[in-house]
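Structural characterization, general
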Amino acid sequence: MSSQANAAPSEWKLVVHGGAGAIERARHKPEKEAAVRAGLDRALAAGEQVLSSGGKALDAIEAAIRVLEDDPNFNAGKGAVITDDGRAELDASIMDGSTRAAGAVAGVTGTKNPIRLARAVMEKSPHVMLAAAGADRFSREQGLEQAEQDYFILPERKKQLEEMKAKRLSALTVEYKYGTVGAVALDSHGHVAAGTSTGGMMGKKWGRVGDSPVIGAGTYADDRACAVSATGWGEYFIRAGVAHEICARIRHKGEDAQTAADAVLAEVKSLGGDGGVIVVTPKGERVFSFNTKGMYRGMADATGRKVALYSESEER
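Residues numbered from 1 in each chain as written. Predicted model: local features only at pLDDT ≥ 70, side-chain atom pairs only at ≥ 80, totals over all residues. Heavy atoms only, no water.

1. A closer look at the overall build of the protein
Put simply, the rule reads: To qualify as a helix, a DSSP run of H or I must reach at least 4 residues; to qualify as a strand, a run of E must reach at least 2; elements of each kind are numbered from the N terminus. Note on classification: 1.4 Å probe, protein chains only; a residue is buried when its accessible area is under 20% of the maximum for its type, exposed when over 50%, partly exposed between these limits. All accessible areas in this document rest on Shrake-Rupley with a 1.4 Å probe, and a residue is counted as covered only by the protein chains that are shown. Charge counting treats Lys and Arg as positive and Asp and Glu as negative, with His and both chain ends excluded. Charge placement uses NZ in Lys and CZ in Arg. For Asp and Glu, CG and CD serve respectively.
When helices and strands are tallied, the protein shows nine helices and twelve strands. Along the three orthogonal principal directions, the C-alpha set of the protein runs to about 55 × 45 × 35 Å. Taken over 316 residues, the protein has a buried fraction of 60%. As displayed, the protein has an accessible area near 12600 Å², and 49% of this comes from carbon and sulfur atoms. Side chains of the protein give 41 positive and 42 negative charges; the mean places of these two sets differ by 3 Å.

Below you can see the structure in the form of structure tokens.
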């Protein structure tokens, strides 16, 4: 049983992210920055509503991520980046730290909120991951809200793809590869949970799948250690097993969450990748770590909510 099983409701914690990458104040118009900050705050408010009333961490992260999926300022759900052939192919995953049950989907094209589909895979199927047409079919069978491709794809994303092709850029060389959203939470019962959702990389080909739906890479939760959601260059996060590696360092080496997260992000950087993570532990630690210029992120507990976009020392 978690040592936090008898924790008071005031000890709940929530952390969200909206992607890491070339995020600098000079690159943001004031209205864009305000919209991103407002979106992060709405996501925190949605999760807070669950946690402050004694609800489950799993419900809180789903609520927070759904808000971000519905917000066109992030690369998930509505406004997600598009593939080389102009389609939205969405990935998501979710994990319950109390049971280590998990669900994930990759390359889905018709589910309005992919995080709901990932949870349905976890709770209503015998599997952990479903992909492409099969995942879409399962979504319809479960009665989840569907959306046409026109709902997901914004004119701005079409323009970005056209510019990328005109300049003959690789999906790996443009900033559009970032923007994944995620959440981690600790509830008043001492349980943790994590979830992640993304459109992937702009201009991706051949059904490419990154780390976001990969349990142990982009998402992991274990009451014995922590909950993690990642964002960044997925190929490297998969190779490093980022989310599980952070939890393993906490569980087996006894490292604090910040030390573990920083160490694993340093390993990712040494391999050639970049990005960031958010982490919460049953002890109440809530941290972030990133090796990019910025990361959209926010934290909440009983004392209030705070969001940040740029440097690690930035305060709202």
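There's plenty left to go through after this.
2. Observations concerning the packing of aromatic side chains
What describes a pair of aromatic rings is the distance from one ring centre to the other and the angle between the planes of the rings. Convention followed: We call Phe, Tyr and Trp rings a pair once their centres come within 6.5 Å, taking the six-membered ring for Trp, and we label the pair stacked below 30 degrees between planes, edge-to-face above 60, and tilted otherwise.
Per the stated rule, a full pass over the model turns up four aromatic pairs. Between Phe-74 and Tyr-296 the ring centres are 6.1 Å apart and the planes differ by 85 degrees, which places this aromatic pair in the edge-to-face class. Taken as a pair, Phe-74 in the loop between helix 2 (57-69) and strand 2 (90-96) and Tyr-296 in strand 11 (residues 294-301) lie far apart in primary sequence, 222 residues in all. Comparing Phe-74 with Tyr-296 shows no difference in burial state: the two are buried.

3. Details of the confidence of the model for the protein
As a reminder of what qualifies: Confidence scores per residue from the predictor, reported as pLDDT, run from 0 to 100. When checking whether two residues touch, look at their non-hydrogen atoms; a contact exists if any pair is within 4.5 Å.
Predicted confidence across the protein gives a mean pLDDT of 92, with 91% of residues reaching 70 or more. Counting contacts from residues 1-10, a segment whose pLDDT is below 50, to residues more than four positions away or on other chains yields 15 contacts.

4. Some remarks on unusual backbone geometry
Here Arg-100, not a glycine, exhibits a phi torsion of approximately 60 degrees, which is positive. Relative accessible area serves as the criterion here: at 42%, Arg-100 is assigned to the partly exposed category. In this structure, Ala-132 is a non-glycine residue whose phi angle is positive, near 50 degrees. Within the fold, Ala-132 resides in helix 4 (residues 132-141). Ala-132 gets classed as partly exposed once you look at its relative accessible area, which sits at 36%.

5. As for helix 1 (residues 30-51)
Keep this limit in mind: By this rule the span expected of a helix is its residue count minus one, scaled by 1.5 Å.
With 22 residues, helix 1 ought to run about 32 Å at 1.5 Å a step, and its terminal C-alpha atoms sit 31 Å apart, in line with that. Among the residues of helix 1, Glu-33, Val-36, Arg-37, Gly-39, Leu-40, Asp-41, Ala-43, Leu-44, Ala-46, Gly-47, Val-50 and Leu-51 are the ones counted as buried. Tucked into the core, helix 1 has its buried residues touching strand 1 (13-21), helix 2, strand 5 (181-186), strand 11 and strand 12 (304-308).

6. Digging into the state of the cysteines
Applicable threshold: Two cysteine sulfurs form a disulfide in these notes if their separation is within 2.5 Å.
Scanning all chains against the criterion turns up one disulfide. A disulfide bridge connects Cys-226 with Cys-247, and the sulfur atoms are separated by 2.5 Å. Between Cys-226 and Cys-247, the S-S dihedral sits near -110 degrees, and the bridge is therefore left-handed. Note that Cys-226 is positioned in strand 8 (residues 226-232) and Cys-247 in helix 8 (residues 242-253), a separation of 21 residues in sequence. Since its relative accessible area comes to 3%, Cys-247 is described here as buried.

7. Comments concerning the sheet that holds strand 7 (residues 219-222)
Let me state the cut-off plainly: A strand pair is defined by DSSP finding two or more bridges across the two strands. Structural elements are reduced to axes, namely lines fitted to C-alpha atoms, with helices fitted over the stretch in contact, and the angle between N-to-C directions of any two is expressed from 0 to 180 degrees.
The strand order across the open sheet built from four strands is 7-8-9-10, with neighbouring strands paired in antiparallel fashion. The strands lining the two open edges of the sheet, one partner per strand, are strand 7 and strand 10 (286-290). Within this sheet the neighbouring strands show an average axis-to-axis angle of 10 degrees, counted without direction. Judged from the six bridges that link them, strand 8 and strand 9 (residues 275-280) form a sheet pairing that is antiparallel. Across the sheet, Ala-227 pairs through a bridge with Val-280, a residue of strand 9. Along the sheet, helix 8 contacts strand 7, strand 8 and strand 9; its crossing angle with strand 8, the most-contacted strand, is approximately 145 degrees. Seen against the sheet, helix 9 (residues 257-271) touches strand 9 and strand 10 and runs at an angle of roughly 20 degrees to strand 10.

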